[in-house]
Amino acid sequence: MDRKSKRLLLLVVSCSLTGVILGGTTSWAQSTTCLQASKITKECLTQDPFTSTIQGMSTGLVAGAGAAFGVAWQHHRQDDFNP
């Protein structure tokens, strides 16, 4: 594995991990806030906090990986224009 591949892999892993952490934390906080609201909705009562957290984590994983590939693609394109 060459140096550029290692850097890309590190970028994707770190962005994906950050996305998983942020997505899971946000979803968990949203479900907790929903249950502590003064007016609780039916959706809030039927929604499983664990499932919501897993969905937030998977969304964060995809968003983080997409952001990493977007940054890598943009950097690659800039290198092509600036030899």
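In this text the structure is predicted, and so the values were computed from the model without any measurement.

The subject of this paragraph is the overall build of the protein. When helices and strands are counted, the protein shows 3 helices and 0 strands. Each helix and strand of the protein, placed in order from N terminus to C terminus, yields the pattern α-α-α. Rg of the C-alpha trace for the protein: 18 Å, well past the compact-globule value of 12 Å for 83 residues, more than 25% over. Dimensions of the protein, computed from the C-alpha atoms along their principal axes, are close to 60 × 25 × 15 Å. Residues classed as buried in the protein amount to 19% of the 83 residues present.

For the rest of this paragraph, the subject is the side chain of Ser27. Among the structural elements, Ser27 can be located in helix H1 (residues 3-35). In this structure, Ser27 is in contact with Ser52, Thr53 and Gly56, ignoring residues within four places of it in sequence.

Turning next to the state of the cysteines. Counted according to the given criterion, the structure contains 1 disulfide. In this model, Cys34 is linked to Cys44 through a disulfide, with the two sulfur atoms separated by 2.1 Å. With Cys34 in helix H1 and Cys44 in helix H2 (residues 42-46), the pair connects residues that are 10 residues apart, well separated along the chain. Here Cys34 falls in the partly exposed class, since its relative accessible area comes to 24%.

Our focus in this paragraph is the layout of surface pockets. Reported here for the second largest pocket is a volume of approximately 180 Å³. Lining of the second largest pocket is provided by Ser27, Gln30, Ser31, Cys34, Leu35, Thr41, Glu43, Cys44, Gln47, Pro49 and Ser52. Residue contributions to the lining of the second largest pocket peak at 5 residues, all from H1. Considering only residue class, the lining of the second largest pocket consists of 4 nonpolar, 6 polar and 1 charged.

This part takes up the side chain of Ser52. Its place among the elements puts Ser52 in helix H3 (residues 49-81). With residues up to four places along the chain from it excluded, the contact list for Ser52 reads Ser27 and Gln47.

Turning next to the environment of Phe69. Tracing the backbone shows Phe69 in helix H3. Put simply, Phe69 and Leu11 are 58 residues apart on the chain and 8.4 Å apart in space, counted from C-alpha to C-alpha. Setting aside its immediate chain neighbours within four residues, Phe69 contacts Leu8 and Val12.

Calculation rules
Residues numbered from 1 in each chain as written. Predicted model: local features only at pLDDT ≥ 70, side-chain atom pairs only at ≥ 80, totals over all residues. Heavy atoms only, no water. Helix = DSSP H or I, 4+ residues; strand = E, 2+ residues; numbered from the N terminus. Rg over C-alpha atoms; globule rule 2.2 N^0.38 Å. Buried < 20%, exposed > 50% of the residue type's maximum accessible area, 1.4 Å probe, protein only. Contact = heavy atoms within 4.5 Å. Disulfide = S-S within 2.5 Å. 1 Å grid on protein atoms, 1.4 Å probe; cavity = no way out; pocket = protein on both sides within 12 Å on 5 of 7 lines; lining within 4 Å. Points joined across faces, edges and corners; volume = space filled by probe spheres on them. Nonpolar A, V, L, I, M, F, W, Y, C, P; charged D, E, K, R; others polar.

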